[in-house]
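Reading the structure
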Amino acid sequence: MEEKLIVSASPHIRTKTSTTTIMLDVIISLMPAAAASVIIFGFRALMIIADTVLAAVLAEYISRKIMKRENTVFDLSAVVTGLLLALNLPVGINPLFAAFGSVVAIVVVKQMFGGIGNNFVNPALTARIILLSSFPSAMTTWAKPFYYNEGAVDAVTCATPLALYANGQITPTKDLLLGTTGGCLGETCAVALIIGGVYLMLRRVISPVIPLTYLSVVALLSLLLGQNVIFELLSGGLLLGAFFMATDYTTSPITTKGKFVFAVGCGILTFLIRTFANLPEGVSFSILIMNILVPLIERATSPRPFGEKEGKL
Amino acid sequence: MSENKPLIHEFTKGILKENPVLCLVLGTCPTLAVTTGVSSALGMGIAATVVLVCSNSVISALRKVIPTKVRIPAYITIIAAFVTIVQMIVKAYAPTLNDALGVYLPLIVVNCIILGRAEMFASKNGIAASALDGLGMGIGFTAALFLMGSIREILGAGSWFGLSIPVISGCPILIFILPPGGFFVFGMLMAIANRLNSKPVKKPEEIGCAACPMHENCVKIANGEECGQL
């Protein structure tokens, strides 16, 4: 009898979910996009992915070692950062630049602020923006899909759908869905991204509030201002950003109300930058700006404990 | 302040311990603006140092004459006089530096390091101490600017004093000469200066198991004398 009754302190119900399992789910959900990038952009895409992941893991290990903190490589968060960064780079980028991006993401953005859970902006996204402002030409030279079949020595380049759109040319929806357009490794194939996003939502790793609100706000604004809704949703980094970047736990609000405000802000900024600014794409900048606003959103939307009087704090 | 400490202290403190840019965080505007190249950074540092030494000495000499109520305008007038002199000299003998520094050269007048030292130090101390304080602060300012300028020019433009460096000049990391890179280098140098200035922290002693109030129960449960889960 005594064997069967275990007296213990709460909590009594435990879940097997841990940082590692969440990160593993994110990696699994990114696999379709990674596979699509290797099919579309060839073996070099795989090399870039391996390069950034390896650099991120090494940077994490070495920086933790130098700072005499416990080793966090096995929570896989560095792998996710490296993978996300690779999916945000053009295939023709110099592997050294890509590795530099990983080191910036892990050391500067993440570890200097205290490691996982303490970064105030999304590491992969910030690294992408730093690379974009450091090497503007290398970061905006897009290889043509399947260029490796054409037998040319140098990669044949082409413009992204959004850049073409600025010149009045609309890419067919079929190409956007399958990803046979110019662009970053992981942003072109909409189908793969949607599969990954749905997987994350089904596994309850991410709440659907942020991606769905983000996408609907962009769709609504496009509709109101007479843009092509389907095109706006499927082109550029919007799907990648909405499913994988904006939903980062550390840099998005906790409450549902906060998530909603955050996603609406992302959507409005993305649409404004795309339509009215000089840049063809604004997903990374809008998520970064909203990342910085998260503490304010949290303060405004944190629920008040029952019975607490107003003005007490 | 200077009564119990040797004069040399007034000179050395400005270099690292109370470095005006990295520790007191004064004069950040010229620091970020002119450090895109090492030569303009050095020029700015030297110009500010000259003004700082001269204005500190004069303000210290006149500290008993200047009425407290109008001291700030008086200080600014004295500083402005020296800045004008420096600006005329730079214009005459180093016109390229004058072009590189642009508006930041006349703006030394309102540089808060200079006004700050006048208010915090020169108005309370003797001439010799004030001149040394100005020199130390000026050298600290110049050193910080020189370091920042070097890092930003080498990494961001692939050159040093305008001479191109073989490997980096092929693919400079542009962000270093852009404003965000400036803030980044500034933050890193501040962190290093803080590290150098901080005293080693003593690790708190570990609390052993025996000191824990639950120790007795833990032992009983472990020995099976009481039921429960550890």
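Residues numbered from 1 in each chain as written. Chains lettered and ligands numbered in written order. Predicted model: local features only at pLDDT ≥ 70, side-chain atom pairs only at ≥ 80, totals over all residues. Heavy atoms only, no water.

Turning next to the overall build of chain B. Within chain B, the regular secondary structure consists of 9 helices and 2 strands. For chain B, whose C-alpha radius of gyration is 26 Å, the value lies well above the compact-globule estimate of 17 Å for 230 residues. For chain B, the C-alpha atoms occupy an extent of roughly 90 × 55 × 30 Å along the three principal directions. The 230 residues of chain B split such that 37% are buried. Summarising the internal contacts of chain B: among those between residues at least 6 apart in sequence, 72% fall at separations of at least 24. (Helix = DSSP H or I, 4+ residues; strand = E, 2+ residues; numbered from the N terminus. Rg over C-alpha atoms; globule rule 2.2 N^0.38 Å. Buried < 20%, exposed > 50% of the residue type's maximum accessible area, 1.4 Å probe, protein only. Contact = heavy atoms within 4.5 Å.)

Attention now moves to the overall build of chain A. Broken down by element type, chain A carries 14 helices and 2 strands. Relative to its length of 313 residues, chain A is compact, with a C-alpha radius of gyration of 21 Å against a globular reference of 20 Å. C-alpha atoms of chain A, sized along the principal axes, occupy 75 × 45 × 40 Å. The buried share of chain A, taken over its 313 residues, is 50%. When contacts within chain A are restricted to residue pairs at least 6 apart in sequence, long-range pairs at least 24 apart make up 73% of them. Element-wise, carbon and sulfur atoms account for 67% of the exposed surface of chain A, whose accessible area totals about 15,600 Å². (Areas by Shrake-Rupley, 256 points an atom, 1.4 Å probe, with all protein chains shown as cover.)

What follows deals with the nonpolar core. Counting 113 residues, the largest nonpolar core has A:L185 and A:Y214 as the members making the most contacts within it. Excluding residues within four positions of it along the chain, A:Y214 makes contact with A:L238, A:G241, A:A242, A:A246, A:A263, A:C266, A:G267, A:T270, A:V283, A:S286 and A:I287. (Core = buried A, V, L, I, M, F, W, Y, C linked by side-chain atoms within 4.5 Å.)

Residue and element names in this part refer to chain A. Taken as a whole and judged by the stated rule, the model has 2 cavities of 30 Å³ or more. Here the largest cavity defines a volume of roughly 80 Å³. In terms of lining residues, the largest cavity is bounded by N88, L125, R128, E187, G237, L240, G241, M245, E281, V283 and S284. Among the secondary structure elements, those contributing two or more residues to the lining of the largest cavity are α5 (123–134), α12 (238–245) and α14 (283–301). Taken together, the residues of the lining of the largest cavity break down into 4 nonpolar, 4 polar and 3 charged. Of the pockets and cavities examined, the second largest cavity occupies roughly 40 Å³. P161, L176, T181, G182, G183, E187, T188, L234, S235 and G236 are the residues that line the second largest cavity. Residues belonging to the lining of the second largest cavity are distributed by class as follows: 3 nonpolar, 6 polar and 1 charged. (1 Å grid on protein atoms, 1.4 Å probe; cavity = no way out; pocket = protein on both sides within 12 Å on 5 of 7 lines; lining within 4 Å. Points joined across faces, edges and corners; volume = space filled by probe spheres on them. Nonpolar A, V, L, I, M, F, W, Y, C, P; charged D, E, K, R; others polar.)

All names here are of chain A. Residue placement: T52 occurs in helix α2 (residues 43–66). The class for T52 is buried, based on a relative accessible area of 0%. A distance of 3.1 Å separates the side chain of T52 from the backbone oxygen of I49, its partner in a polar contact. In contact with T52, not counting residues within four places along its chain, are G82, L85, A86, L89, A98 and S102. (Polar contact = N/O pair within 3.5 Å; in protein donor to acceptor, adjacent residues only side chain to side chain.)

We now examine the interface of chain A and chain B. The interface is formed by 12 residues belonging to chain A together with 10 residues belonging to chain B. Between chain A and chain B, the buried area comes to about 890 Å², and carbon and sulfur atoms account for 77% of it. Looking only at chain A, the three residues that lose the most surface to chain B are A:V7, A:S133 and A:S134, adding up to 35% of its buried area. Along the contact surface separating chain A from chain B lie 0 salt bridges. Seen at the junction of chain A and chain B, the total is 1 residue pair in polar contact (both at pLDDT 80 or more). Partitioned by chemical class, the residues of the side of chain A that touches chain B number 9 nonpolar, 3 polar and no charged. (Buried area = accessible area lost by both parts, 1.4 Å probe. Salt bridge = Lys/Arg side-chain N within 4 Å of Asp/Glu carboxyl O.)

With 31 residues, helix α7 (residues 127–157) of chain B extends 43 Å from end C-alpha to end C-alpha; this agrees with the ideal 45 Å at 1.5 Å per step. Where α7(B) ends, the next residue or the one after it, B:G158, has phi of about 70 degrees, a positive value. (Expected span 1.5 Å × (residues − 1).)

The subject of this paragraph is the packing of aromatic side chains. Each aromatic ring pair is characterised by the separation of its centres together with the angle its planes make. Applying the stated criterion across every chain yields a total of 8 aromatic pairs over all chains. Where A:F243 meets A:F244, the ring centres are 6.5 Å apart and the plane angle is 65 degrees; that geometry is what we call edge-to-face. For the pair formed by A:F243 and A:F244, the shared burial category is buried. Judged by centre distance (6.1 Å) and plane angle (65 degrees), the rings of B:F146 and B:W160 are edge-to-face. Linking B:F146 in helix α7 with B:W160 in strand β1 (residues 159–160), this pair joins segments that are 14 residues apart in sequence. By relative accessible area, B:F146 is classed as partly exposed at 28%. The exposure class of B:W160 is partly exposed, given its relative accessible area of 33%. Taken together, A:F97, A:F100 and A:F135 form an aromatic cluster joined through their ring pairs. (Phe/Tyr/Trp six-rings, centres within 6.5 Å; stacked < 30°, edge-to-face > 60°.)

Time to look at a nonpolar patch on the surface. Residues and elements named next belong to chain A. A cluster of nonpolar side chains, namely L220, L224, L225, I268, L272 and F276, defines an oily patch on the protein surface of about 620 Å² accessible area. At the level of secondary structure, the elements contributing two or more residues to the nonpolar patch comprise α10 (209–224) and α13 (256–276). Here the nonpolar patch gets 3 residues from one element, more than from any other, and that element is α13. A relative accessible area of 51% places L220 in the exposed class. (Patch = residues over 30% accessible without salt bridge, like charges linked within 9 Å, V, L, I, M, F, W, Y side chains within 5 Å.)

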